[in-house]
Each structure stands twice: as structure tokens, then as C-alpha cells.
Amino acid sequence: DCEATERLSELLGATPRHGDVPRPESAWNGAKEAPDAADGRDPVTLDALRAGLATRSIAILLDASGPADTSELERGIGGQRFDAVRVDLDAPPAARTAAIEAFLATEADVFLLGVKLPSEEYASFKAACLEREVLFVRLPGPLETEAVLHQISRQVGWRLRARAQR
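Residues numbered from 1 in each chain as written. Predicted model: local features only at pLDDT ≥ 70, side-chain atom pairs only at ≥ 80, totals over all residues. Heavy atoms only, no water.

Trainee: When you look at the overall build of the protein chain in this model, what are you seeing that I'm missing?
Mentor: Each helix and strand in the protein chain was counted, giving seven helices and four strands. In sequence order, the protein chain lays out its α and β elements as α-α-α-β-α-β-α-β-α-β-α. A buried classification covers 34% of the 166 residues belonging to the protein chain. Partitioning the contacts of the protein chain with sequence separation of at least 6, the portion at a separation of at least 24 is 62%. Surface summary for the protein chain: the accessible area is close to 10,400 Å², and the carbon and sulfur share equals 51%. (Helix = DSSP H or I, 4+ residues; strand = E, 2+ residues; numbered from the N terminus. Buried < 20%, exposed > 50% of the residue type's maximum accessible area, 1.4 Å probe, protein only. Contact = heavy atoms within 4.5 Å. Areas by Shrake-Rupley, 256 points an atom, 1.4 Å probe, with all protein chains shown as cover.)

Trainee: Can you help me understand the environment of Ala102 in this one?
Mentor: Residue placement: Ala102 occurs in helix H5 (residues 93-105). A residue is classified by how much of its surface remains accessible, and Ala102, at 41% relative accessible area, is partly exposed.

Trainee: Hey, could you run me through the sheet that holds strand E2 (residues 81-87) in this one?
Mentor: Where strands meet in a sheet, backbone hydrogen bonds hold them as pairs that are either parallel or antiparallel. Pairing in this open sheet of four strands is parallel, and the strands run E2-E1-E3-E4 from one edge to the other. Unpaired on one side and paired on the other, E2 and strand E4 (135-138) mark the two borders of the sheet. Recorded for the sheet is a direction-independent mean angle of 20 degrees between the axes of neighbouring strands. Pairing between strand E1 (residues 57-63) and strand E3 (residues 110-113): four bridges, direction parallel. Bridge pairing links Leu61 to Leu113 in E3. Across the sheet, helix H6 (residues 119-132) is in contact with E3 and E4; its angle to E4 comes to roughly 150 degrees. (Pairing = 2+ DSSP bridges. Axes fitted to C-alpha atoms, helices over the stretch in contact; angles between N-to-C directions.)

Trainee: Help me understand the packing of aromatic side chains, please; the structure alone is not making it clear to me.
Mentor: Both the distance between ring centres and the angle between the ring planes are used here to describe each pair of aromatic rings. Inspection of the entire model under this criterion finds five aromatic pairs. Ring geometry for Phe103 versus Phe111: centroids 4.9 Å apart, planes at 70 degrees, classification edge-to-face. An identical accessibility class is assigned to Phe103 and Phe111; each is buried. In textbook terms, an aromatic cluster arises when at least three aromatic residues are bridged by ring pairs, as seen for Phe103, Phe111, Tyr122, Phe125 and Phe136. (Phe/Tyr/Trp six-rings, centres within 6.5 Å; stacked < 30°, edge-to-face > 60°.)

Trainee: Can you walk me through helix H7 (residues 145-164) in this structure?
Mentor: Structurally, the α-helix is built with 3.6 residues per turn, so residues lying three or four positions apart point the same way. Over its 20 residues, H7 extends only 22 Å from the first C-alpha to the last, a length that falls short of the 28 Å expected when each residue adds 1.5 Å. Taken as a whole, H7 carries its principal kink of about 75 degrees at Val156. For H7, every residue scored as buried is listed here: Thr145, Val148, Leu149, His150, Gln151, Ile152, Ser153, Val156, Gly157 and Leu160. (Expected span 1.5 Å × (residues − 1). Bend = angle between axes of the 7 residues up to and from the residue.)

Trainee: Just to check I follow, could you spell out the packing of H5 against H6 for this structure?
Mentor: The geometry of a pair of packed helices is captured by two quantities: the angle between their axes and the separation between those axes. It is at 11 Å that the axes of H5 and H6 come closest, and there the two elements cross at 20 degrees. Accordingly, the angle class assigned to the pair H5 and H6 is roughly parallel. Classified by chirality, the crossing of H6 by H5 is right-handed. Residue-level inspection shows Pro93, Arg96, Ile100, Phe103, Leu104 and Ala105 of H5 in contact with H6, the latter providing Glu121, Phe125, Ala128, Cys129 and Arg132. (Parallel < 35°, antiparallel > 145°, perpendicular 65-115°, else oblique. Left-handed = near helix turned anticlockwise from the far one by under 90°.)

Trainee: What exactly am I supposed to notice about the packing of helix H3 (residues 46-53) against H7 here?
Mentor: It is at 10 Å that the axes of H3 and H7 come closest, and there the two elements cross at 70 degrees. Regarding the angle of H3 to H7, the classification is roughly perpendicular. Crossing angle aside, the handedness with which H3 passes H7 is left-handed. Within the contact between the two elements, H3 uses Leu46, Leu49, Arg50 and Leu53 and H7 uses Thr145, Glu146, Leu149, Ile152, Ser153 and Leu160.

Trainee: Even after reading the chapter, I still don't get the pairing of E2, so can you show me in this structure?
Mentor: Looking down a regular strand, the side chains alternate between one sheet face and the other. Sheet topology note: the E1/E2 ladder contains seven bridges and is parallel. Within the sheet, the bridge partner assigned to Leu61 lies in E2 and is Val85. Following the chain from E1 across helix H4 (residues 71-77) to the adjacent parallel E2, one finds a crossover that is right-handed. (Right-handed = clockwise from strand over helix to strand, strands pointing away.)

And the structure:
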């Protein structure tokens, strides 16, 4: 018991206090390196990620009612080609399906999903991406360059690196 108590004291003493732990957003904002992925893979620098995307075509699906200008995002991410496709989330399902099909028809290497699709439509979209063996990234947060690069790094960064080595 004494040994276990000493070990526990050592562990607790090595644990950072609440104030010592950086907030997740502060660990990423302005940093030159993405934070470690949850699965333990090596972090990738923003410059390396941009270099990996430089030869890729990228498409982003956006809400039709959202901001129209994607030029800052396009410049920040790079890519050989950058297409923005709009979908009216309030439109009937057939119209949304047509917009998603147009999105997939861009034949991008990386699809960025900047909208929250209904579950059935998301499942169809995901199945189409898996069938075509293309990468897709769900964007849960703001459409700011560093936040999008962070999501690309976390969700498909290792796949991009693996494909670059082929």
C-alpha cells in the first residue's frame, strides 16, 4: 500500500495543474505545427501539409446562404484547383442530392464538407467517397484557413502523406 501511495503521489505531482494546460485552440492558433493527432501519429507542419495539398484538387461543399467569398480559404490552403459548390440546405431532398452529385462530379482529390448534411445524405456522400477512394474531411468548426488545415491534418493527413509516397 505504501508503494502504491508513493507511486500515486509521483504521478499526481507530475500532472500539470489546470492553469498549466494550454487550451486546445491556443495550442493550434498561430502555431507552425499541428497538434498531435489523437491516434498518436506524428504531427505535420502547416507548410508540409500545404505542400502535400499543392498538387491536389480540392472541392468544398458550402451552405448556399453562407459567405460567398472563399478566396482567402483558397489562398491559405492552396491546391492545384479549388472548387466551391453551394447547396441549399432548405431545398427539397432531390435538389440537395443533385447538388451533392455536382460536388462529387468535380472529381477532386480532397472533398471538404463544410455543411451538416442530413444523416441519410451524409451516408450516401460517405459511401460515394469510399467507393471512389477519395478523401473527405468533415469541417465541424469555422471555415478559417488554420482550422480547416487542422481538420485536414487530423482526419486525412496521414493518407495524404501515404499517397504522396506512392
